Amino acid sequence: MNDHGVRHRAPQPLSKRRFPGPTPTVDRNDPRPPLNRGRRGPQKPHDLVDGSRPPPNSLDLPGMQSHTRSIRYVIETERLFLRPLTVDDVDTIVDLHADPRVNQFVGSYTRAEALARLTTIERQWNERGHGQCAVELKSTGELIGRSGLRYWDEFDETEVGWTFRAEHWGHGYATEAARACVDWGFAHLPIDYLTAMIRPANLASIRVAERLGFSVRRDDVLGNEPITIFALNRP
Ligand SMILES: CC(C)(COP(=O)(O)OP(=O)(O)OC[C@H]1O[C@@H](n2cnc3c(N)ncnc32)[C@H](O)[C@@H]1OP(=O)(O)O)[C@@H](O)C(=O)NCCC(=O)NCCS
């Protein structure tokens, strides 16, 4: 299932992935800003506007290591670090979505489904220069959820999303992370508005959207289910 409970197509075997597997590490000899590395082919309207200047929120923190490589943080907030999700996050994502409190509106993932979703996320980062992020608590380094941007071909719109571990609800982390993603999106993408696609009964998510200034744009359908499209215009 995907973020909105829609079933994925069968995942491609890892050996056939059409993009470089791991998220690029920070390459100090590469003059491009971190979010503009790894781009190839013709660029679409939603790609970064100007690759010549580093994004204001991009961090180059090679000293902060994951198990196998440098972590490429792209956004820092008061309490959080955000970095691109990769296929290495598969077990964490399966675990995050296994909680019935979390998956009520966004569905759960088998390992294969999570791998397929993360593969798509990596491809969006590589091809579009933006995508969904793992959200880590600065104080502990714990991965507490995910947030970030997702381009939807079906709607020709870019959505900001948020999903957090239930034990971390009620602290404003989703709002803090999503607000930073919204700011980053308007600073770096040629878009007039961002959407938030929310099931009508998902009141906690609607509260996050409203706290960020989103309002209802239209009712739509996703995976044969009704969905409310909230939107926030470029300030
Ligand atoms: C949607 C979801 C991320 C919202 O989580 P949340 O904890 O309610 O959202 P926040 O982290 O922004 O916290 C906001 C709450 O924390 C409180 N809070 C505490 N400190 C805060 C701070 N510094 N800043 C903002 N809010 C703060 C707010 O008062 C608010 O409480 P309220 O909802 O009673 O008004 C969460 O319910 C979730 O992960 N759901 C499952 C996945 C999902 O449905 N995702 C959305 C798909 S569209």
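Conventions used here
- Residues numbered from 1 in each chain as written.
- Predicted model: local features only at pLDDT ≥ 70, side-chain atom pairs only at ≥ 80, totals over all residues.
- Heavy atoms only, no water.
- Core = buried A, V, L, I, M, F, W, Y, C linked by side-chain atoms within 4.5 Å.
- Buried < 20%, exposed > 50% of the residue type's maximum accessible area, 1.4 Å probe, protein only.
- Helix = DSSP H or I, 4+ residues; strand = E, 2+ residues; numbered from the N terminus.
- Contact = heavy atoms within 4.5 Å.
- Pairing = 2+ DSSP bridges.
- 1 Å grid on protein atoms, 1.4 Å probe; cavity = no way out; pocket = protein on both sides within 12 Å on 5 of 7 lines; lining within 4 Å.
- Points joined across faces, edges and corners; volume = space filled by probe spheres on them.
- Nonpolar A, V, L, I, M, F, W, Y, C, P; charged D, E, K, R; others polar.
- Near = heavy atom within 4 Å.
- Polar contact = N/O pair within 3.5 Å; in protein donor to acceptor, adjacent residues only side chain to side chain.
- Sits in = over half its atoms within 2 Å of the grid points.
- pLDDT = per-residue confidence, 0-100.
- Axes fitted to C-alpha atoms, helices over the stretch in contact; angles between N-to-C directions.
- Left-handed = near helix turned anticlockwise from the far one by under 90°.
- Expected span 1.5 Å × (residues − 1).
- Disulfide = S-S within 2.5 Å.

## Points about the nonpolar core
Turning to step 1, where the next piece is worked out: Ranked by size, the top nonpolar core spans 48 residues in total, and within it Leu80, Leu82, Val160, Trp162, Phe164 and Phe214 carry the most contacts.
Turning to step 2, where the next piece is worked out: Looking at which element gives the most residues to this core, the answer is helix α4 (residues 173–188), with nine residues.
Turning to step 3, where the next piece is worked out: In contact with Phe164, other than residues within four places in its own chain, are Leu96, Val102, Val135, Ile144, Gly145, Arg146, Ser147, Trp169, Tyr173, Ala174 and Ala177.
Turning to step 4, where the next piece is worked out: Counting residues in hydrophobic clusters, the runner-up holds six residues, among them Phe155, Met197, Ile227 and Ile229.

## Thoughts on the pairing of strand β3 (residues 132–137)
Turning to step 1, where the next piece is worked out: For β3, the tally of buried residues reaches six of six residues, placing the bulk of the element in the interior.
Turning to step 2, where the next piece is worked out: Examined bridge by bridge, strand β2 (residues 80–84) and β3 share five bridges and lie antiparallel to one another. Bridge assignment links Arg83 to a residue of β3, and that residue is Ala134.
Turning to step 3, where the next piece is worked out: Here β3 folds back onto strand β4 (residues 143–152) in antiparallel fashion, the turn holding five residues, of which Gly141 has a positive phi close to 80°.

## Thoughts on empty space enclosed by the protein
In this approach, a probe sized like a water molecule rolls over the atoms, and the result shows the empty space that is left.
Turning to step 1, where the next piece is worked out: A full pass over the atoms with the stated rule returns four cavities of 30 Å³ or more.
Turning to step 2, where the next piece is worked out: Taken as a whole, the largest cavity holds about 60 Å³ of empty space.
Turning to step 3, where the next piece is worked out: Lining the largest cavity are 11 residues, and of these Ile75, Trp125, Gly131, Cys133 and Trp184 sit closest to its centre.
Turning to step 4, where the next piece is worked out: Contributing elements (two or more residues each) for the lining of the largest cavity: β4 and α4.
Turning to step 5, where the next piece is worked out: Among the residues making up the lining of the largest cavity, the classes are represented as eight nonpolar, three polar and no charged.

## A look at the site of the ligand
Turning to step 1, where the next piece is worked out: Neighbouring the ligand are 21 residues, the closest being Trp162, Gly170, Thr175, Asn202 and Arg207.
Turning to step 2, where the next piece is worked out: A distance of 3.1 Å separates an oxygen atom of the ligand from a polar side-chain atom of Arg211.
Turning to step 3, where the next piece is worked out: Given that more than half its atoms are within 2 Å of the pocket grid, the ligand belongs to the second largest pocket.
Turning to step 4, where the next piece is worked out: Of all the secondary structure elements, the ones that give two or more residues to the shell around the ligand are β5 (157–164), α4, β6 (193–198) and α5 (203–211).
Turning to step 5, where the next piece is worked out: Sorting elements by how many residues they give to the shell around the ligand places α5 first, with five residues.
Turning to step 6, where the next piece is worked out: Taken together, the residues that form the shell around the ligand break down as 11 nonpolar, seven polar and three charged.

## Structural notes on the confidence of the model for the protein
Turning to step 1, where the next piece is worked out: Overall, the prediction assigns the protein a mean pLDDT of 79, with 70% of residues at 70 or greater.
Turning to step 2, where the next piece is worked out: Of the regions scoring below 50 in pLDDT, residues 7–69 engages in 120 contacts with residues more than four places distant in sequence or in other chains.

## Topic: the packing of helix α1 (residues 90–98) against helix α3 (residues 111–128)
Turning to step 1, where the next piece is worked out: Two elements in contact, α1 and α3, have axes whose closest approach is 9 Å; the angle formed by their N-to-C orientations is 115°. When you trace α1 past α3, the crossing you get is right-handed. Between α1 and α3, the contacting residues are Val90, Asp91, Ile93 and Val94 on the first element and Arg111, Ala114, Leu115 and Leu118 on the second.
Turning to step 2, where the next piece is worked out: Its residues assigned to classes, the contact of α1 with α3 shows six nonpolar, no polar and two charged.

## A word on α3
Turning to step 1, where the next piece is worked out: Between its first and last C-alpha, α3 extends 25 Å over 18 residues, near the 26 Å set by a 1.5 Å rise per residue.
Turning to step 2, where the next piece is worked out: Within α3, 14 of the 18 residues are buried, which leaves the element mostly enclosed by the surrounding structure.
Turning to step 3, where the next piece is worked out: After α3 finishes, the residue Gly129 shows a positive phi value of roughly 80°.

## Some thoughts on the state of the cysteines
Cysteine pairs can be covalently joined through their sulfur atoms, and such a bond is termed a disulfide.
Turning to step 1, where the next piece is worked out: Applying the stated criterion across every chain yields a total of zero disulfides.
Turning to step 2, where the next piece is worked out: Its sulfur unpaired, Cys133 is 5.4 Å from the next cysteine sulfur, which belongs to Cys181.
Turning to step 3, where the next piece is worked out: In this structure Cys181 comes out as buried when scored by relative accessible area, which is 2%.

## Notes on the side chain of Thr77
Turning to step 1, where the next piece is worked out: One can find Thr77 in the loop between β1 (75–76) and β2.
Turning to step 2, where the next piece is worked out: A relative accessible area of 12% places Thr77 in the buried class.
Turning to step 3, where the next piece is worked out: Apart from residues lying up to four places away in sequence, Thr77 is in contact with Lys138, Glu176 and Ala180.

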